[in-house]
Amino acid sequence: MAQELLQRHPALRTQLRAPGGRETVDFVSRDGRWGIELAESLRGVRDLSAHALVLARWVSSHPSRQAALVVVSPRITPQMESEWAAIRTVLRKDVARRINLLAPDHPMPSPHR
């Protein structure tokens, strides 16, 4: 899915690259500081938890890394936001504050959440 998206949207290639080596996220920023996990759909809490774990593992390996789960469809519901908050409470604080949940129709999170 990651490669297809980069092929369909050439402008993304200037900012993102497909991960290499042991990186587990779908995309990595050109400077290597941001990881992006793309979810075309979430079927439930397990999917959300699985993506959160991927992001947490990725950011925990380097203190300068940040990551985002970008949900394409369906939109982020209040229940998803609640579950995301609950997932973040079990992570180390330095990791939890560096992972974000985003969607095209959802406002950007505060950087100090």
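Please refer to the structure higher up on the page.
Heads up: these notes are all about the structure in this document. In this convention, every chain numbers its residues from 1, walking through the sequence in written order. Under the rules for a predicted model, residues below a pLDDT of 70 receive no local features and side-chain atom pairs below 80 are neither given nor counted, while totals for whole chains, interfaces and linings still include all residues. Note that water and hydrogens are dropped before the side-chain values are worked out from all heavy atoms of the structure.

### Re the pairing of strand 3 (residues 34-39)
Consecutive side chains of a regular strand alternate in pointing toward one face of the sheet and then the other. Partly exposed describes any residue whose relative accessible area lies between the buried limit of under 20% and the exposed limit of over 50%, with all areas from a 1.4 Å probe on protein chains only and scaled to the type maximum. Strands are runs of DSSP state E lasting at least two residues, helices are runs of H or I lasting at least four, and both sets are numbered from the N terminus onward. With respect to burial, strand 3 is a largely interior element, five of its six residues being buried. Here, strands pair whenever DSSP counts at least two bridges between them. One ladder, built from two bridges, connects strand 2 (residues 27-29) with strand 3; its direction is antiparallel. Across the sheet, F27 pairs through a bridge with I36, a residue of strand 3. Linkage of strand 2 to strand 3, two consecutive antiparallel strands, is achieved through a turn of four residues, within which G32 is found at a positive phi near 80 degrees. Alignment of strand 3 against strand 4 (residues 66-71), held across six bridges, turns out to be parallel. The residue bridging A39 from the neighbouring strand is V71, located in strand 4. For the crossover that starts at strand 3, traverses helix 2 (residues 45-60) and ends in the parallel strand 4, the hand is right-handed. Crossovers are described as right-handed under a simple rule: with the strands pointing away from the observer, the path leading from the first strand over the helix to the second runs clockwise.

### A word on the pairing of strand 4
Where strand 4 lies against strand 5 (residues 99-102), four bridges are found, and the strand directions are parallel. Paired with A67 across the strands is I99, a residue of strand 5.

### Thoughts on helix 2
Working rule for helices: expected span equals 1.5 Å times residues minus one. In this model, helix 2 (16 residues) spans 22 Å end to end at C-alpha, consistent with the 22 Å of a helix rising 1.5 Å per residue. Along helix 2, the residues classified as buried are D47, L48, H51, A52, L55, A56, W58 and V59. Buried residues along helix 2 cover an arc of 165 degrees about the axis, so they all sit on one side. More than 90 degrees from the buried face of helix 2, the exposed residues found are R46, L53 and R57. Pairs of residues are marked as contacts when any of their non-hydrogen atoms sit within 4.5 Å. Tucked inside the fold, the buried residues of helix 2 contact strand 2, strand 3, strand 4, helix 3 (78-89), helix 4 (93-96) and strand 5. The arc in question is formed by the directions pointing from the helix axis toward the C-beta atoms.

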